Amino acid sequence: MAEMGKETGKEMGKEMGKGVTAGKLASTMQKRLTRAQEKVMQKLGKADETKDTAFEETVSNFNKQMAEGARLQRDLRGYMTAVKAMHEASKRLQDCLAEMYEPDWFGKEEVDSMAEDTDMLWIDFHQKLVDSALINMDNYMAQFPDIKNRISKRDRKLVDFDSARHHMASIQKGKKKDEVKIAKAEEELGRAQKVFEEINTELQDELPTLWDSRVGLYVTTFQSLAGVTEKFHNEMGKLSHNLNDVMGKLEDQRHIKNDSKTKTPAKSEDAANHSAESGSIPKSPSKSRPSGPPVPRPPRPSPSKEGLQNDAIDLFGDAATVSMTTPSHDATPTQAPSWDSWEVRTSCFLLTQFPVPSGHFCFGAPYGSPVSSSLLCCFRLRKATFKQ
């Protein structure tokens, strides 16, 4: 009773603050006191209470639906906040990449364009989520407060109806029947019953419809959410694929530059080594001779027949003796032959007259001289003949 009195006092203060007349305020206070007394009597079991199990189940569904809708609305707003935060984070990341991307790198213009496209995609994604999901959810939840107030009003009218019904029953049970009081009680009962039935009928029609509408709301909300999100991720996937291609080509560009830097010093080093090797190759004695006519060497004494034969035998072992003619000492002296021509004639003569056995080699001729070349050629020919 004390709590009811406090609530009544607060409500009276509100009514007076709105400029309600004294008569209206007194009538309102009388109704509230009567309702409070009726509730006390019902709780004490001294008065029966009208029960409507079907309506109570409908109200239970309404409360559940309102709680689920409030949770979904709260989570959707949290999702929008997260999308906005992701948009800001993505924008900062794209701006960072665009600022760090040097102008001479591959795809500079593409990277700047993709940063702008990414920002526009996030803005469009957030706006479509608001339009297709959040606004519909807000409109859906906006109807619950009014229906909740009407349910509360129905409960009050039900208490008024029970109070009028109990008052009518108490007058009829009295020993002295006052027709005026009975008529007034019947009038109040009819009025309370009419008001209650009107609002009760409205709610019984609206609450089941509202309960079924939650399915359509969930379908519309999450279909819109899924469609907008799918489109956003498809477009974002294309941009991500393009960015991946640009980064791959930038990596190829870096490898090409590194390879060109490493190949240039290698070519220079190879050229230097080639020049050094060319300079270190020993020149042939014939190429190192000075240009000009050959300088005649001093004549050497012609060997006698016996000495030549002995030299041939000593050189080739058991070779046969060859008869040789020497020029006469009384002959008219002619120009002395050069050393090179003498060596060639002597070597060819010796090798044609004396076959070289297998396994022997001729010594005594300087490297690169015509004698050594002739001896070597003749030696190869004789060796092949000897093998046959």
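Residues numbered from 1 in each chain as written. Predicted model: local features only at pLDDT ≥ 70, side-chain atom pairs only at ≥ 80, totals over all residues. Heavy atoms only, no water.

**Examining the overall build of the chain**
Here is step 1 of the chain: Along the chain, the regular secondary structure elements total nine helices and zero strands.
Here is step 2 of the chain: Reading the chain from its N terminus to its C terminus gives the helix and strand order α-α-α-α-α-α-α-α-α.
Here is step 3 of the chain: In the chain, which comprises 388 residues, the proportion classed as buried is 27%.
Here is step 4 of the chain: For the chain, contacts bridging at least 24 residues in sequence account for 80% of all contacts bridging at least 6.
Here is step 5 of the chain: Of the roughly 27300 Å² that the chain leaves accessible, carbon and sulfur atoms contribute 56%. (Helix = DSSP H or I, 4+ residues; strand = E, 2+ residues; numbered from the N terminus. Buried < 20%, exposed > 50% of the residue type's maximum accessible area, 1.4 Å probe, protein only. Contact = heavy atoms within 4.5 Å. Areas by Shrake-Rupley, 256 points an atom, 1.4 Å probe, with all protein chains shown as cover.)

**Points about the environment of K181**
Here is step 1 of the chain: Structurally, K181 is set in helix 6 (residues 179-280).
Here is step 2 of the chain: Considered as a pair, K181 and I171 are ten residues apart in the sequence and their alpha carbons are 7.5 Å apart.

**Comments concerning the pattern of salt bridges**
Here is step 1 of the chain: Under the counting rule described, the total for this entry stands at 14 salt bridges.
Here is step 2 of the chain: As a salt-bridge pair, K91 and D95 come within 3.3 Å of each other at their nearest N and O atoms. Of this pair, K91 and D95 both sit in helix 3 (residues 53-100), separated by four residues, roughly a single helical turn.
Here is step 3 of the chain: Using a relative accessible area of 34% as the deciding quantity, one classes K91 as partly exposed. (Salt bridge = Lys/Arg side-chain N within 4 Å of Asp/Glu carboxyl O.)

**Here we look at a positive patch on the surface**
Here is step 1 of the chain: The grouping of K39, K43, K153 and R156 at the surface amounts to a positive patch.
Here is step 2 of the chain: Of all the secondary-structure elements, those providing two or more residues to the positive patch are helix 2 (22-44) and helix 5 (144-172).
Here is step 3 of the chain: Mapped onto the elements of the fold, R156 is located in helix 5. (Patch = residues over 30% accessible without salt bridge, like charges linked within 9 Å, V, L, I, M, F, W, Y side chains within 5 Å. Lys, Arg positive; Asp, Glu negative; His and termini not counted. Charge placed at Lys NZ, Arg CZ, Asp CG, Glu CD.)

**As for the packing of helix 3 against helix 5**
Here is step 1 of the chain: The contact between helix 3 and helix 5 brings their axes to 12 Å, and the two run at 150°. Taken together, the axes of helix 3 and helix 5 are roughly antiparallel relative to one another. Like other packed secondary-structure pairs, helix 3 and helix 5 cross with a definite hand, here left-handed. Side by side, helix 3 and helix 5 meet where F55, V59, F62, Q65 and M66 of the first sit next to F144, I147, K148, I151 and R154 of the second.
Here is step 2 of the chain: Split into classes, the residues belonging to the contact of helix 3 with helix 5 amount to seven nonpolar, one polar and two charged. (Axes fitted to C-alpha atoms, helices over the stretch in contact; angles between N-to-C directions. Parallel < 35°, antiparallel > 145°, perpendicular 65-115°, else oblique. Left-handed = near helix turned anticlockwise from the far one by under 90°. Nonpolar A, V, L, I, M, F, W, Y, C, P; charged D, E, K, R; others polar.)

**Re the side chain of R214**
Here is step 1 of the chain: In this structure, R214 sits in helix 6.
Here is step 2 of the chain: Here R214 occupies a buried position and makes no salt bridge, while the nearest side chain of opposite charge, D212, is found at 4.7 Å.
Here is step 3 of the chain: A distance of 2.6 Å separates a polar side-chain atom of R214 from the backbone oxygen of W211.
Here is step 4 of the chain: Beyond its immediate chain neighbours, meaning those up to four positions away, R214 contacts Q65 and Y140. (Polar contact = N/O pair within 3.5 Å; in protein donor to acceptor, adjacent residues only side chain to side chain.)

**Quick notes on the packing of aromatic side chains**
Here is step 1 of the chain: Applying the stated criterion to the full structure yields seven aromatic pairs.
Here is step 2 of the chain: Taking 5.3 Å as the distance between ring centres and 80° as the angle between the ring planes, the aromatic pair formed by Y101 and W105 counts as edge-to-face.
Here is step 3 of the chain: On the basis of relative accessibility, which here comes to 3%, the residue Y101 falls in the buried class.
Here is step 4 of the chain: Overall, W105 belongs to the partly exposed group, its relative accessible area being 31%. (Phe/Tyr/Trp six-rings, centres within 6.5 Å; stacked < 30°, edge-to-face > 60°.)

**Some remarks on the nonpolar core**
Here is step 1 of the chain: Counting residues in each nonpolar core, the largest one holds 36 residues, and the members touching the most others are F62 and L207.
Here is step 2 of the chain: Mapped by element, the contributors of at least two residues to this core are helix 3, helix 4 (108-142), helix 5 and helix 6.
Here is step 3 of the chain: If sequence neighbours within four positions are ignored, L207 has contacts with F55, T58, V59, F62, I147 and I151.
Here is step 4 of the chain: One finds L158, F161, A164 and A192 within the second-largest nonpolar core, a separate group that totals ten residues. (Core = buried A, V, L, I, M, F, W, Y, C linked by side-chain atoms within 4.5 Å.)

**Observations regarding the environment of D112**
Here is step 1 of the chain: Within the secondary structure, D112 is located in helix 4.
Here is step 2 of the chain: Of the residues examined, D112 reaches a relative accessible area of 29% and is grouped as partly exposed.
Here is step 3 of the chain: Separated by 13 residues in the primary sequence, D112 and E99 place their C-alpha atoms 9.1 Å from one another.

**A few points about the confidence of the model for the chain**
Here is step 1 of the chain: For the chain, the average pLDDT comes to 74, and 62% of its residues sit at 70 or higher.
Here is step 2 of the chain: Here helix 7 (residues 305-316) stands out as the element of the chain with the lowest mean pLDDT, 44, in contrast to helix 3, whose mean of 94 is the highest.
Here is step 3 of the chain: Taken as a whole, residues 305-354 scores under 50 in pLDDT and shows 49 contacts with residues more than four places along the chain or in a different chain.
Here is step 4 of the chain: Confidence drops under pLDDT 50 across residues 358-388; counting only partners more than four residues distant or on other chains, this segment forms 30 contacts. (pLDDT = per-residue confidence, 0-100.)

**Focus on the packing of helix 3 against helix 4**
Here is step 1 of the chain: For the pair helix 3 and helix 4, interaxial distance at closest approach is 10 Å and the crossing angle is 170°. Judged by the inter-axis angle, helix 3 sits roughly antiparallel to helix 4.
Here is step 2 of the chain: Tallied by class, the residues present in the contact of helix 3 with helix 4 amount to 22 nonpolar, eight polar and seven charged.

**Digging into helix 4**
Spacing of three or four residues puts side chains on the same side of an α-helix, whose turn is 3.6 residues.
Here is step 1 of the chain: When the terminal C-alpha atoms of helix 4 are compared, their 50 Å separation across 35 residues agrees well with the 51 Å that a helix rising 1.5 Å per residue should span.
Here is step 2 of the chain: When the local axis directions of helix 4 are compared, the greatest deviation, roughly 35°, occurs at V130. (Expected span 1.5 Å × (residues − 1). Bend = angle between axes of the 7 residues up to and from the residue.)

**Some details on the environment of E251**
Here is step 1 of the chain: Counting through the fold element by element, E251 comes out in helix 6.
Here is step 2 of the chain: Given a relative accessible area of 32%, E251 falls into the partly exposed group.
Here is step 3 of the chain: Placed 145 residues apart in sequence, E251 and F106 show a C-alpha to C-alpha distance of 9.1 Å.

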